Amino acid sequence: MAWSDKSHPYRLLLTKQFPLGLETLPIFQPVMQAANRIWNSCAWHSREIFKQEDRWPTEAELKTKFKSFAAWKELHSQSAQSVVEEYFEAVSAYRKHRENGHLEMNPPGFKPKNHLRTVTWKRQGFDVDGSTLVLKLSRGKEPIEVVLPEGWDVVVLPDGTEVKGVPVEVKVKAVIRRRRVENLVLHVTLDLGVVPVYRAGAVSAYDYNSAVVARAVSNGRLDLFVCRELLSLVQYRNKIIAGFQEKISRLKEGSRRWKRCLSAKVRVLKRLDRRIRQMEHALTKLSAELDGAEGVAFAVVGDLTGLRRSARTGMKGKKASQKINQMAYDRLRQEQHYKNLTRGIETDTWTERNTSSTCCLCGARNPAWRRHRGLWVCGRCGLVLQAGLNGAANLLKQYLFGSCTGRALCLQGSAGLALGREAEPVCASISKGRLSGTWSSRDGSDGPLREAPR
Ligand SMILES: [Zn+2]
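Residues numbered from 1 in each chain as written. Predicted model: local features only at pLDDT ≥ 70, side-chain atom pairs only at ≥ 80, totals over all residues. Heavy atoms only, no water.

## Points about the UniProt feature "coiled-coil region" (unreviewed entry) in the protein chain
Part 1: The feature "coiled-coil region" (unreviewed entry), as annotated in UniProt, sits at residues 269-296 in this numbering.
Part 2: In the segment residues 269-296, helix accounts for 89% and strand for 4%; the C-alpha atoms at its two ends are 37 Å apart. (UniProt positions renumbered as here; feature names shortened; annotations may be inferred. Helix = DSSP H or I, 4+ residues; strand = E, 2+ residues; numbered from the N terminus.)

The following block contains the structure:
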């Protein structure tokens, strides 16, 4: 199951997979190969136009050009169009990488003749008849009928409720291992409608750092997840890539040994990626479960778009920029988003400005107080805290009050720290370097509530 739509933040879209079995291969093979031919013509025409006119053709240009092609007439028109759209996504990703200085990137290329390309059926490309899915081909061709098991459109949410979804997209993918087709899998994306999210409740903030994930909740709780194993896997993956890259560069392109080396690289990386994904899922599931158990209504993650850009421009040291780019933050955020949504929790991004260079307790800012290895020692109030936890607490403050600097927390039980002019009675108590206590909202009402920002 995966989250698949960015434009509808409250709409829950989940994908279910159904293995079709190898006996369906003769039915789907011609369709998948036709899609592959469309992809190859896309690659060919774009290259020609780029060579002659020094520009990439537009999507509409290619679509109208291919309308008369034989391969186009094999597929449902929307399925054929989606191949062109996928090609364009690949081209724009390639161009973006080039713009960012990755000159080693190659434009999307040709696939072998017998490659089985994933075929997509959009909403108008299929019909549902009970538990039978009718996948349409081009006009005049017999559609493909797939019988699905009972309850194929039902998804069970974490709290046990069963939700019936409406299929919005169907894909057929080939599972290939060691150059052999092992199975065909049907991916059905179900629209489960707009999920009701809690409009009031606690707020949790997350600070994703390469080795640790820190979490701060508005009920005063601080958590630290050590993700060494995940990070070391990611670093190991980079090492493997570098090793293969060196080996491949010494071989003649297109030679038998080159091909063997390339397929070995793909195989090893696939296996590693599965382990990395599994760990990421475990992490995001854990945080979603914690949020659900603690009555969190909003989960806040740092908005990293600005950070990444500065890392790329070399404003940070080489070591730092490598660390920043190692974890797949966007993927983690997306996973957290849909896992939270199934529990009625909204995920929000918020600026991380100054959160790592401000003391969460007294609100004084000084980047130098962030010592080595994630240690935060405040030069004003003497707070000693793990830097990630400090960052997460500041992100939470920032989200609740707009800014994290110049705003102190008052100490419960003690004489009370001097509060800033407009500071709200935000209370916390410190014991053994851990913060606990309660935060209160802007209007100072009872309990850690935050109204919906809409
Ligand atoms: Zn301080």
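## Focus: the coordination of the zinc ion
Part 1: Distances from the zinc ion to its protein donors, Cys359 (SG), Cys362 (SG), Cys378 (SG) and Cys381 (SG), fall at 2.2 to 2.3 Å.
Part 2: Each of the four donor atoms bound to the zinc ion contributes to angles spanning 108 to 112°, and the resulting shape is tetrahedral.
Part 3: On the primary sequence, the residues serving as donors to the zinc ion are separated as C-x2-C-x15-C-x2-C.
Part 4: On the basis of relative accessibility, which here comes to 32%, the residue Cys381 falls in the partly exposed class. (Donors = N, O, S within 2.8 Å, 3.2 Å for Na, K, Ca; no water. Tetrahedral: all angles 85-135°; square planar, octahedral: opposite > 155°, others 65-115°. Buried < 20%, exposed > 50% of the residue type's maximum accessible area, 1.4 Å probe, protein only.)

## Topic: helix H3 (residues 77-99)
Part 1: For H3, spanning 23 residues, the distance from its first C-alpha to its last is 33 Å, which sits close to the expected 33 Å at 1.5 Å a residue.
Part 2: On its buried face, H3 sits against helix H1 (25-53), helix H2 (59-66) and strand E2 (119-121).
Part 3: Downstream of H3 by one or two residues, Gly101 has phi in the positive range, about 95°. (Expected span 1.5 Å × (residues − 1). Contact = heavy atoms within 4.5 Å.)

## Observations concerning the packing of helix H5 (residues 256-293) against helix H8 (residues 329-341)
Part 1: The geometry of H5 relative to H8 is characterised by a closest axis approach of 9 Å and an angle of 45° between their N-to-C directions. With respect to each other, H5 and H8 are oriented oblique. Taken as a pair, H5 and H8 cross one another with a handedness that is right-handed. Contacts from Ile276, Arg277, Glu280, His281, Leu283, Thr284, Lys285, Ser287, Ala288 and Asp291 in H5 reach Arg331, Leu332, Glu335, Gln336, Tyr338, Lys339 and Asn340 in H8.
Part 2: Among the residues forming the contact of H5 with H8, the class breakdown is five nonpolar, five polar and seven charged. (Axes fitted to C-alpha atoms, helices over the stretch in contact; angles between N-to-C directions. Parallel < 35°, antiparallel > 145°, perpendicular 65-115°, else oblique. Left-handed = near helix turned anticlockwise from the far one by under 90°. Nonpolar A, V, L, I, M, F, W, Y, C, P; charged D, E, K, R; others polar.)

## Section: the pattern of salt bridges
Part 1: In total, this model carries 22 salt bridges according to the counting rule given.
Part 2: Lys51 is paired through a salt bridge with Glu48; the nearest N and O atoms lie 3.7 Å apart. Here the residue Lys51 and the residue Glu48 both occupy positions in helix H1, the gap between them amounting to three residues, near one helical turn.
Part 3: Taken together, the shared-partner salt bridges connect Arg215, Arg221, Asp223, Asp291 and Glu294 into one network. (Salt bridge = Lys/Arg side-chain N within 4 Å of Asp/Glu carboxyl O.)

## A closer look at the nonpolar core
Part 1: In this structure, Phe28, Tyr87, Trp121, Leu133, Leu135, Val146 and Leu186 are the most contacted members of the largest nonpolar core, which totals 52 residues.
Part 2: Looking at which element gives the most residues to this core, the answer is H1, with 10 residues.
Part 3: Excluding its chain neighbours within four sequence positions, the residues that come into contact with Val146 are Leu20, Phe28, Ser131, Thr132, Leu133, Leu135 and Leu186.
Part 4: Listed in part, the 29 residues of the second largest apolar core include Ile248, Trp258, Ala264 and Val296. (Core = buried A, V, L, I, M, F, W, Y, C linked by side-chain atoms within 4.5 Å.)

## Quick word on the sheet that holds strand E3 (residues 126-129)
Part 1: Here we have three strands laid out as an open sheet, ordered E3-E4-E5, and antiparallel in their pairing. The open sheet has two edge strands, E3 and strand E5 (144-147), and neither has a second partner. Between one strand axis and the next, the sheet turns through 20° on average, direction left out of account.
Part 2: As paired strands, E3 and strand E4 (residues 132-135) are joined by four bridges and run antiparallel to one another. The residue of E4 that forms the bridge with Phe126 is Leu135. (Pairing = 2+ DSSP bridges.)

## Comments concerning the confidence of the model for the protein chain
Part 1: Averaged over every residue, the pLDDT of the protein chain is 81; the share at 70 or more is 83%.
Part 2: In this model residues 1-5 is a low-confidence stretch, pLDDT under 50, and it forms 21 contacts with partners more than four residues away in sequence or in other chains.
Part 3: Here residues 308-321 is a poorly scored stretch, pLDDT under 50, and it has 13 contacts once near neighbours within four places are set aside; other chains count. (pLDDT = per-residue confidence, 0-100.)

## A few points about unusual backbone geometry
Part 1: One non-glycine residue, Asp54, adopts positive backbone phi at about 60°.
Part 2: Among the secondary structure elements, Asp54 is positioned in the loop between H1 and H2.
Part 3: Note on Asp54: relative accessible area 60%, which makes it exposed.
Part 4: At Asn354, a position not held by glycine, the phi torsion is positive, near 65°.
Part 5: Position of Asn354 relative to the elements: it lies in the loop between strand E14 (346-351) and strand E15 (370-371).
Part 6: Accessibility expressed as a relative area gives 29% for Asn354, which makes it partly exposed.

## Here's the deal with helix H9 (residues 387-401)
Part 1: The first and last C-alpha atoms of H9 sit 21 Å apart over 15 residues, in line with the 21 Å expected at 1.5 Å per residue.
Part 2: With 15 of its 15 residues buried, H9 lies for the most part within the structure.
Part 3: Taking the backbone nitrogen of Gly388 as reference, a side-chain oxygen 2.7 Å away marks Gln386 as the first, capping residue of H9.
Part 4: Looking one or two residues past H9, Gly402 carries a phi angle of roughly 95°, positive in sign. (Polar contact = N/O pair within 3.5 Å; in protein donor to acceptor, adjacent residues only side chain to side chain.)

## Quick notes on the pairing of E4
Part 1: On E4, burial covers both faces: Thr132 and Val134 on one face and Leu133 and Leu135 on the other are all buried.
Part 2: Between the end of E3 and the start of E4, which pair antiparallel, lie two residues, with Gly130 showing a positive phi angle near 65°.
Part 3: Note that E4 and E5 share four bridges and pair antiparallel. When the bridges of E5 are listed, Thr132 appears paired with Val147.

## Some thoughts on the sheet that holds strand E1 (residues 11-19)
Part 1: Read across the sheet, four strands follow the order E1-E9-E8-E2 without closing on themselves; strand pairing throughout is antiparallel. Lying at the two open borders of the sheet, with one neighbouring strand each, are E1 and E2. Strand after strand, the sheet turns through a mean of 20° between neighbouring axes, direction not considered.
Part 2: Sheet topology places E1 next to strand E9 (residues 180-194); eight bridges connect them, and they run antiparallel. When the bridges of E9 are listed, Lys16 appears paired with Val188.

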